[in-house]
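Fold and geometry: a report
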Amino acid sequence: AKVKDLEMRLEESDSSCSDLRTRLHEAQVAQEALDCAELEKDRLAGELAEARRALAALEQQLVDTRGAEEALQAKVGVLEAAAQESRQDSAHREAELDEK
């Protein structure tokens, strides 16, 4: 009877060990997946940081371009005013010449 009891306990122990090995393996597989996910997260965080830097650079270029556009528009306004003044001066001269 004692031998039978010991054999049953040994089987239960073997079964428990097998279950523990299975659970350990599953935990190792899960840890590997977690490690891979962490690496992917770090890679994506790097890409996100790079994309944010690129976006900031593009936003600065946009600001610079708008500033340059405004400066050009101001120059165009000055040139148009000068052209208008020149046309008026020419018209006055022509009128003066016509009067003579």
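Attention in this report is confined to the structure presented alongside it. Throughout, a residue's number is its position along its own chain's written sequence, starting from 1. Since the coordinates come from a predicted model, pLDDT governs what is reported: local features require at least 70, and pairs of side-chain atoms require 80 or more to be given and counted, while whole-chain, interface and lining totals use all residues. To obtain the side-chain values, all non-hydrogen atoms of the structure were included, while hydrogens and water were left out.

Re the overall build of the protein
The following threshold applies: Numbering goes from the N terminus for both helices and strands, where a helix is a DSSP run of H or I of at least four residues and a strand is a run of E of at least two. As defined in this context, the radius of gyration uses C-alpha atoms, and a globule is described by 2.2 Å times the residue total to the power 0.38. The cut-offs for exposure are 20% and 50% of the maximum accessible area for each residue type, with area from a 1.4 Å probe on protein chains only; residues under the lower value are buried, those over the upper are exposed, and the others partly exposed. Only the protein chains shown count as cover for residues, with accessible areas throughout obtained via the Shrake-Rupley method and a probe of 1.4 Å.
In terms of helices and strands, the protein carries one helix and zero strands. Relative to the globule expectation of 13 Å for 100 residues, the C-alpha radius of gyration of the protein, 42 Å, shows a markedly less compact shape. Across its three principal directions, the C-alpha atoms of the protein cover 145 × 15 × 10 Å. Of all 100 residues assigned to the protein, the portion counted as buried reaches 0%. Carbon together with sulfur atoms contributes 57% to the accessible area of the protein, which is approximately 9,200 Å² in total.

Considering the environment of Leu55
Here Leu55 is to be found in helix α1 (residues 2-99). According to the relative accessible area criterion, Leu55 is partly exposed, its value standing at 46%. In the structure, Leu55 is positioned 41 residues away from Asp14 in sequence and 60 Å away in space, judged by C-alpha atoms.

Quick notes on the pattern of salt bridges
The cut-off we apply is this: Any Lys or Arg side-chain nitrogen located within 4 Å of an Asp or Glu carboxyl oxygen qualifies as a salt bridge.
For the structure on display, the rule yields four salt bridges. With a closest N to O distance of 2.6 Å, Glu40 and Arg43 form a salt bridge. In this pair, Glu40 and Arg43 are both assigned in helix α1, three residues apart and thus about one turn of the helix distant. Residues joined in a network through salt bridges with shared partners are Glu40, Arg43 and Glu47.

Focus on the environment of Gly67
For Gly67, the position within the fold is in helix α1. Taking the C-alpha atoms as reference points, Gly67 and Asp19, 48 residues apart in sequence, are found 71 Å from one another.

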